[in-house]
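Listed here are the chains, written in short residue letters.
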Amino acid sequence: MARPSIKQQLLRFTTSSSIHLYSKPYFYYSPSPSFSSLSNSNDSTSTPRTFSLYHQNLHLLEKCQHITHLYQIQAQLITSGLSQNLSLAGRILKLFIDLGYVDYAVFIFRYINLPDTFCVNAVIKGYGCSSVPQQAVVFYFEMLRDGFCPNGFTFSSLISSCGKKGCLELGQECHGQAFKNGVDGLLPVQNSLIHMYASCGLVEVAGKVLHEMPVRDIVSWNSIIAAHAKIGDLGIAHKLFDAMAHKNLVTWNIMIVGYLNGGNPGCGLKLFRKMVGAGVGGNDATMVTALTLCGRSARLKEGRSVHGSLVKKFMDLSLIIGTALIDMYSKCKRADVARVIFDRMRIKNLVSWNAMILGHCIHGNPEHGLSLYLKMVDKCGLEHRKIDFDKFKRRDGGRGILPDEITFVGVLCACARKGLLAEGRNYFNQMTNVFKVKPNFAHYWCMANLFASIGLMQEAMEILRNMPVEGDASSESSMWAGLLGSCRFQGDVAMGERIAKALIEEDPQNGSYYALLLNVYSVAGQWDDVARIRDIIKERGVRKLPGCSLLDLTEMVHGLKVGDKWQQGIPVISTRIRGAGSFVLSVQSVQLSNISEVMGTIVGL
């Protein structure tokens, strides 16, 4: 029996009377008059004077690129009585959203008497680009009750917002709405559907949408290739890539990032060389990915080649590229070169400092890393044991930067490598009591290594035995595995193995001790031992392991898990379908505190 088509499957969604949303709207607004009552009665260009003001403000809006100027234009529209002109109001909304002022744009929308479809679509798109994309769906259904008539642009933004949050149920409901309104056959809407289903893990459904499309463009193919690359199905992704007659930079970036995420930097670099040979010029994201590939595989020669190409092209070493170069040279055991790049950077933030501190502490001279840490915090008021946290809230390197948990992983690693017990204890206390950084597994692990490196095995065991366990820390654990995998102390595995086994002998049913042993083997890359311990855990019927253990092997092999920090307003790279459904790669200000997280976010981990 033939499988039902996408349209047949959607029939059950179009018959539902309402959508059940459990979150309150992000903004409340007074219901507008019915959209069916729209007329030309609000035309404000009926007199010569208003006609002149209209074109004057229209010209200003077309040239506006700064928020201050936009506020001035808005004030002029209000005083001149043109604030209700739908053409100008829609442009005002769009500009505020494009400049990142989504909250204010929604506030303005409340005061538009008769908003048209363009105004509503602008708000939906704004919500989709915000940290609460699900509110686009809430807003859509509220406007629908007021008589709003959606079009294809409505659904391309609406469905994309569902994909951003991975909300399958909402995405299917919106798919049904698109079908009901007869716009599900439009190319931008279909491209958004591919992206949404792929983001929700239904790659097969995304492929079915692609198969039923009468017309496909490069966005369609990029979306399905990205879907397969994301789940690690690089074989199919590369076949689709090879079958494409025309490729753009996004296509190349998707495949190169796919090989990086798939743990195959060799193939990624080979594809990067092929791209360069084909005359395709890379952007910042391409170069950062290439540098990350070189660093992860310790290919110094190729890393230098990428650096040289940046110099030849006179590309400005942005904050992201500069940080990527520091990371690459550090991992290739050339922390001295990384330091030269660091010192020449005009703008530095916590990410840059962490990259260089980790480079010295883990891959280079630990003493240089400790001195750089002291330089980093020397203006934080440390000598008075009191920090003005509001003063350093931006962490932009202007007057001293507050360290975070990643900084102290590097500092404690340096102490462990050099056997600096007194200094290590002092930095640990400084971390918890002065900078209010909560210690986690990585910090306790470094302290245990520090004690063991000077022969204090009992103290090392006590640290790990008394280490706090939190059930909700699993989302961060693989990040520490990625960092600790670079920390190779003397006797590292043997010491950790002895400690964990001694603890297991004391309490054979304590899952935390088995978790510790798994952590030891994981950061050392001894996957056969990981599998063996897992079998022992099953045989002995040990209760469920605590959430803070580093047990997700896939994440540990490929580095770290970025988590949801990009949803807190500080994304570095975000790939989303905008407007007509095309992919837009946007680089925003880098303010994340974790160098590994920055690299991971850029390349789409």
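Quick notes on the rules
Residues numbered from 1 in each chain as written. Predicted model: local features only at pLDDT ≥ 70, side-chain atom pairs only at ≥ 80, totals over all residues. Heavy atoms only, no water. Salt bridge = Lys/Arg side-chain N within 4 Å of Asp/Glu carboxyl O. Helix = DSSP H or I, 4+ residues; strand = E, 2+ residues; numbered from the N terminus. Buried < 20%, exposed > 50% of the residue type's maximum accessible area, 1.4 Å probe, protein only. Phe/Tyr/Trp six-rings, centres within 6.5 Å; stacked < 30°, edge-to-face > 60°. Lys NZ or Arg CZ within 6 Å of the ring centre and 35° of its normal. Patch = residues over 30% accessible without salt bridge, like charges linked within 9 Å, V, L, I, M, F, W, Y side chains within 5 Å. Areas by Shrake-Rupley, 256 points an atom, 1.4 Å probe, with all protein chains shown as cover. Expected span 1.5 Å × (residues − 1). Arc of directions from axis to C-beta. Contact = heavy atoms within 4.5 Å.

### Let's talk about the pattern of salt bridges
Here is step 1: Enumeration over the complete set of coordinates arrives at 8 salt bridges.
Here is step 2: The shortest N-O distance in the salt bridge between E302 and R273 comes to 2.6 Å. Of this pair, E302 sits in helix α17 (residues 300-312) while R273 is found in helix α15 (residues 265-277), placing the two residues 29 residues apart along the sequence.
Here is step 3: Given the relative accessible area of 42%, R273 is considered partly exposed.
Here is step 4: The partner of D327 in a salt bridge is K331, with the nearest N and O atoms 3.3 Å apart. Separated by 4 residues within a single helix, D327 and K331 lie in helix α18 (residues 319-331), roughly one turn from each other.
Here is step 5: Among the charged side chains, a salt-bridge network with shared partners connects R273, R299 and E302.

### Observations regarding the packing of aromatic side chains
Here is step 1: For the structure shown, the criterion picks out 16 aromatic pairs.
Here is step 2: Ring centres of Y127 and F139 lie 6.0 Å apart, and the angle between their planes is 55°; this geometry places the pair in the tilted category. You can see Y127 sitting in helix α6 (residues 117-128) and its partner F139 sitting in helix α7 (residues 135-145), a full 12 residues away along the chain. Like F139, Y127 is buried.
Here is step 3: Summarising the aromatic geometry, the rings of Y140 and F155 are spaced 5.7 Å apart at their centres and angled 65° between planes, so their arrangement reads as edge-to-face. Taken together, the positions of Y140 in helix α7 and F155 in helix α8 (residues 152-165) put the pair 15 residues apart, joining distant regions of the chain.
Here is step 4: For F155, a relative accessible area of 0% translates into the label buried.
Here is step 5: We note K348 situated over the ring of F342; from NZ or CZ to the ring centre the distance is 5.1 Å.

### Observations concerning a nonpolar patch on the surface
Here is step 1: A cluster of nonpolar side chains, namely Y71, L99 and Y101, defines an oily patch on the protein surface of about 240 Å² accessible area.
Here is step 2: Considering the arrangement of structural elements, one finds Y71 in helix α3 (residues 67-80).

### Examining α15
Here is step 1: Counted at 1.5 Å a residue, the expected span for α15 with its 13 residues is 18 Å, and the 18 Å between its end C-alpha atoms agrees.
Here is step 2: Of the positions making up α15, those classed as buried are P265, G268, L269, L271, F272 and M275. Around the axis of α15, the buried residues are gathered within 160° of arc, so they sit on the same side. Every exposed residue of α15 that faces more than 90 degrees away from the buried side is listed here: K270 and G277.
Here is step 3: In this structure, the buried residues of α15 make contact with α13 (234-243), α14 (249-261), α16 (284-296) and α17.

### Re the environment of L517
Here is step 1: Examined against the element boundaries, L517 turns out to sit in helix α28 (residues 511-523).
Here is step 2: A residue is classified by how much of its surface remains accessible, and L517, at 2% relative accessible area, is buried.
Here is step 3: Taking C-alpha positions, L517 is 9.0 Å from I504, a pair spaced 13 residues apart along the chain.
Here is step 4: Not counting residues up to four positions away in its chain, the partners in contact with L517 are E497, A500, I504 and I533.

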